[in-house]
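# Summary of structural features
The chain contents come next:
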There are 2 protein chains.
Amino acid sequence: MTTGVRRRMGVEERRQQLIGVALELFSHRSPDEVSIDEIAAAAGISRPLVYHYFPGKQSLYEAALRRAAEDLAHRFSERHEGPLGGRLLRVMRRFFDFVDEHGPGFSALMRGGPAAGTGTTSAVIDGVRQAAYEQIMAHLGVTDPAPRLRLVVRSWVSLAESTALIWLDGREIPRAELELQLVHDFAALVAVPAAYDPDMAAVLERIMRDEPADGPFGDLVGRLVALVPQAPSPAPAARVPQQRA
Amino acid sequence: MTTGVRRRMGVEERRQQLIGVALELFSHRSPDEVSIDEIAAAAGISRPLVYHYFPGKQSLYEAALRRAAEDLAHRFSERHEGPLGGRLLRVMRRFFDFVDEHGPGFSALMRGGPAAGTGTTSAVIDGVRQAAYEQIMAHLGVTDPAPRLRLVVRSWVSLAESTALIWLDGREIPRAELELQLVHDFAALVAVPAAYDPDMAAVLERIMRDEPADGPFGDLVGRLVALVPQAPSPAPAARVPQQRA
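Residues numbered from 1 in each chain as written. Chains lettered and ligands numbered in written order. Predicted model: local features only at pLDDT ≥ 70, side-chain atom pairs only at ≥ 80, totals over all residues. Heavy atoms only, no water.

## Overview of the UniProt feature "DNA-binding region" (unreviewed entry) in chain A
The UniProt feature table records "DNA-binding region" (unreviewed entry) at residues 35–54 of chain A. Secondary structure across residues 35–54 of chain A comprises 75% helix and 0% strand; the distance between its end C-alpha atoms is 13 Å. (UniProt positions renumbered as here; feature names shortened; annotations may be inferred. Helix = DSSP H or I, 4+ residues; strand = E, 2+ residues; numbered from the N terminus.)

## Focus: the environment of Leu109 of chain B
If you trace the backbone, Leu109 of chain B turns up in helix H7 (residues 103–110). Separated by 16 residues in sequence, Leu109 of chain B and Ile125 of chain B place their C-alpha atoms 9.0 Å apart.

## Let's talk about the packing of aromatic side chains
Residues and elements named next belong to chain B. Tallied over the entire structure, the rule returns twelve aromatic pairs over all chains. With 5.5 Å between their ring centres and 70 degrees between their planes, Phe96 and Trp167 make a pair best called edge-to-face. Here the residue Phe96 occupies a position in helix H6 (residues 84–101), and Trp167 occupies one in helix H9 (residues 147–168), the gap between them amounting to 71 residues. With relative accessibility at 0%, the residue Phe96 sits in the buried group. (Phe/Tyr/Trp six-rings, centres within 6.5 Å; stacked < 30°, edge-to-face > 60°. Buried < 20%, exposed > 50% of the residue type's maximum accessible area, 1.4 Å probe, protein only.)

## Focus: the side chain of Ser30 of chain B
All names here are of chain B. For Ser30, the location among the structural elements is in the loop between helix H2 (11–28) and helix H3 (36–43). Taking the relative accessible area as the measure of exposure, Ser30 reaches 19% and is therefore buried. Beyond its immediate sequence surroundings of up to four residues, Ser30 is in contact with Pro104 and Ala108. (Contact = heavy atoms within 4.5 Å.)

## Focus: the nonpolar core
Grouped together as the largest cluster of nonpolar side chains are 154 residues, with contacts concentrated most on Phe186 of chain A together with Phe186 of chain B. Not counting chain neighbours up to four residues away, the residues in contact with Phe186 of chain A comprise Leu84, Leu88, Ile136, Leu140, Val153, Trp156, Ile207 and Phe217 of chain A. One finds Val192, Ala195 and Leu220 of chain A together with Val192 of chain B within the second-largest nonpolar core, a separate group that totals eight residues. (Core = buried A, V, L, I, M, F, W, Y, C linked by side-chain atoms within 4.5 Å.)

## Digging into the packing of H2 of chain B against H3 of chain B
Residues and elements named next belong to chain B. Their axes nearest at 9 Å, the elements H2 and H3 cross at an angle of 120 degrees. Considering the angle they form, H2 stands oblique to H3. Between H2 and H3 lies a crossing of right-handed hand. The residues of H3 that touch H2, namely those facing Arg14, Gln17, Leu18, Val21, Ala22, Leu25 and Phe26, are Glu38, Ile39, Ala42 and Ala43. For the contact of H2 with H3, the class distribution of residues is eight nonpolar, one polar and two charged. (Axes fitted to C-alpha atoms, helices over the stretch in contact; angles between N-to-C directions. Parallel < 35°, antiparallel > 145°, perpendicular 65-115°, else oblique. Left-handed = near helix turned anticlockwise from the far one by under 90°. Nonpolar A, V, L, I, M, F, W, Y, C, P; charged D, E, K, R; others polar.)

## Quick look at the confidence of the model for chain A
Detailed reading of the predicted coordinates is not advisable wherever pLDDT falls low. Residues and elements named next belong to chain A. Per-residue confidence for chain A gives a mean pLDDT of 89, with 87% of residues at or over 70. Summarising per-element confidence for chain A, the mean pLDDT is lowest in helix H1 (residues 2–8) (54) and highest in helix H10 (residues 175–194) (98). Throughout residues 231–245 the model reports pLDDT below 50, and contacts reaching past four residues in sequence, or to other chains, amount to 32 contacts. (pLDDT = per-residue confidence, 0-100.)

## A few points about the pattern of salt bridges
Residues and elements named next belong to chain A. Within this structure, the stated rule accounts for 40 salt bridges over all chains. The partner of Arg209 in a salt bridge is Glu205, and the shortest N-O contact between them spans 3.9 Å. One end of the pair, Arg209, and the other, Glu205, are both in helix H11 (residues 198–209), four residues apart, so they sit about a helical turn from each other. Exposure remark for Glu205: the relative accessible area of 22% places this residue in the partly exposed category. (Salt bridge = Lys/Arg side-chain N within 4 Å of Asp/Glu carboxyl O.)

Structure (structure tokens):
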């Protein structure tokens, strides 16, 4: 049977099959706990044949990680249509889909266990972060971002990672709530420097201009304003135009 | 001369001296670039003598990391006096002092380079995160935090890390601005779930109750409200009492 399967598959096809099998195993248990024997058994081939395609577990792990990274980066892709809040929410849903599908492997990788920490894995992770960062900047329509905006977007990407990791550790909060919270957090992290920096205030204004009052951002602003008992008279700062209903 | 120094120092004293010398070197260059020979030279002893006290560079690195972690955890310590905004700002100043002093080593460690990624280093880093988390909870006066508050505090600790790392990468934004921004971010990350969850609204209310209008939180709220052109009528949600001037 093993030989039969082997005959039917070409080299690249077999490599791709092994990567898929390994990714499935690495996703559901900490990669350190997955053996080459298990991968061979799940793929229906012998252990030596696995080594024929991949010199060791680390190289198979890295190949699986690259495939997962491509998958994740692909999920950040979102049409440039409609208000930003809705776009980010759809991206966060796909991000949590990914985190849900690859939970233990995602945790093990991001928490820097023995499986992580090589130059290759760090580079793959940084590549995904960079893809996320570039997608956000493209949605903001900013081609030459100032340091403060770069910091906010990078910080938010990092916040999305840490929120997902905390969620995986017990899943105490419904993921839909956290998807929305991260969208809100993005607006909040933009709003904080916008309170002090005119360029960031302009970014916030552009974001809010197209937001409906019942979208994620509009709803948050309405609720937060309701939490403040007495609004001080407006200062002569950059102002967000009234949202469209 | 080497022998003379050796005679004057006891075992523990020598170990502590080596840890201090190594920490200084590991702080200013990526630990992977620091050799045992350099550490020996900086300590004024022979290479074999370094190995007499530490079996290898990794064990010396871990000892240096533990000392740095104790130092950092100590800096989170802040008297429970006065408004929370001011307390957090003082802690953030000491945190950035630490990051400034140990820049390249901090980056290499947190970015998961080859020096990181062992179980020991991960445990030390997690210990510091836990210490920061517990300090914040103590300042909030919360002994049995709900999942949403735990998530916010852990997320903020992670945000402080990532902000510091981004700052180190070029130092494009003055650190004093980022220290204040992180204090503001804390309020913002609490405010987002407070807009939807009564328990979080109660936490926000307790924080804001003692904040002066010209403190970090009061100033931010005033500026953000000024960015909203027309406040909707207050909803029957939990409300933050008016700040004391």
